[in-house]
Amino acid sequence: MKRGFDKRGLSEVVTTLLFVLLALGAVVLVWYLVSGLIKGGTSSVNLEKACLDLEMEIVSCDFVNTANTANVVYKRGNNELPEGFSLVKLKLLFEMSSGETGSVEVSGVGTIPGALESKSKSVNFQTEFGLSGVVPAKVGVAAILLSDGKESACGESARVSCS
């Protein structure tokens, strides 16, 4: 009479159990990697949506040659930003008639437009860029959004000619 377990039968059970645990571990690892990619992809989609919702545009650009200053009026569209995003800064992007480029940051109370609101900024080219005698050809605007403590730049609006 045999007492105890059949070692061969026990070995097959342990092997099967190990394979099941290995498969579960692989599924968990793959899920962790894929969910990270999906979350990262959705945050960039949310940023793009927030940027499109802003509908930032340049309304006008008037250059006063005697003062070497451009008066730029910019406007925000009607849409509100998605939850978790806030408009913290703008960049006015200038293209000079000489081909040079430069940008001016706009931030602070009273300079960032709300929905359907227009604001203006006077830019002195001597003060901002150290340039005199240059004429701005075009100007565009790019919004800087804050989300989760991180600033992200939106794409530039269509450039408008300065007159």
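Residues numbered from 1 in each chain as written. Predicted model: local features only at pLDDT ≥ 70, side-chain atom pairs only at ≥ 80, totals over all residues. Heavy atoms only, no water.

Student: Please give an account of the sheet that holds strand 2 (residues 69-75) that cites residues and values.
Tutor: Taken together, 3 strands build an open sheet; the order of strands is 1-2-5 and the sheet is antiparallel. Each having just a single partner strand, strand 1 (57-64) and strand 5 (118-124) make up the two edges of the open sheet. Adjacent strand axes in the sheet meet at a mean angle of 20°, parallel and antiparallel pairs treated alike. As judged from the 7 bridges shared by strand 1 and strand 2, these two strands associate in the antiparallel manner. Each residue of the ladder has a partner; that of Ser60, found in strand 2, is Val73. (Pairing = 2+ DSSP bridges. Helix = DSSP H or I, 4+ residues; strand = E, 2+ residues; numbered from the N terminus. Axes fitted to C-alpha atoms, helices over the stretch in contact; angles between N-to-C directions.)

Student: Quick one: what's the story with the side chain of Lys89, residue by residue and with numbers?
Tutor: As for its position among the elements, Lys89 is in strand 3 (residues 86-96). One polar contact links Lys89 to Glu151, side chain to side chain, over a distance of 3.2 Å. Setting aside anything within four residues of it in sequence, one finds Lys89 in contact with Glu105, Val106, Ser107, Ile112, Ala142, Ala143, Ile144 and Glu151. (Polar contact = N/O pair within 3.5 Å; in protein donor to acceptor, adjacent residues only side chain to side chain. Contact = heavy atoms within 4.5 Å.)

Student: Give a detailed account of the environment of Val104, specifying residues and quantitative values.
Tutor: In this structure, Val104 sits in strand 4 (residues 101-107). Along the primary structure Val104 and Val123 are separated by 19 residues, whereas in three dimensions their C-alpha atoms are 7.9 Å apart.

Student: Can you lay out the state of the cysteines for me, pointing to particular residues and giving the numbers?
Tutor: All told, the structure shown has 2 disulfides when counted by the stated rule. With a sulfur-sulfur separation of 2.0 Å, Cys51 is cross-linked through a disulfide to Cys154. In this structure the cystine formed by Cys51 and Cys154 twists about its S-S bond by roughly -80°; its chirality is therefore left-handed. Residue Cys51 is found in helix 1 (residues 7-54), and its partner Cys154 is found in the loop between strand 7 (150-153) and strand 8 (160-161); the two are separated by 103 residues along the sequence. There is no split in this pair, since Cys51 and Cys154 are both buried. What pairs with Cys61 in a disulfide is Cys162, and their sulfur atoms sit 2.0 Å apart. Here the disulfide of Cys61 and Cys162 is right-handed, its torsion about the S-S bond being about 85°. (Disulfide = S-S within 2.5 Å. Buried < 20%, exposed > 50% of the residue type's maximum accessible area, 1.4 Å probe, protein only.)

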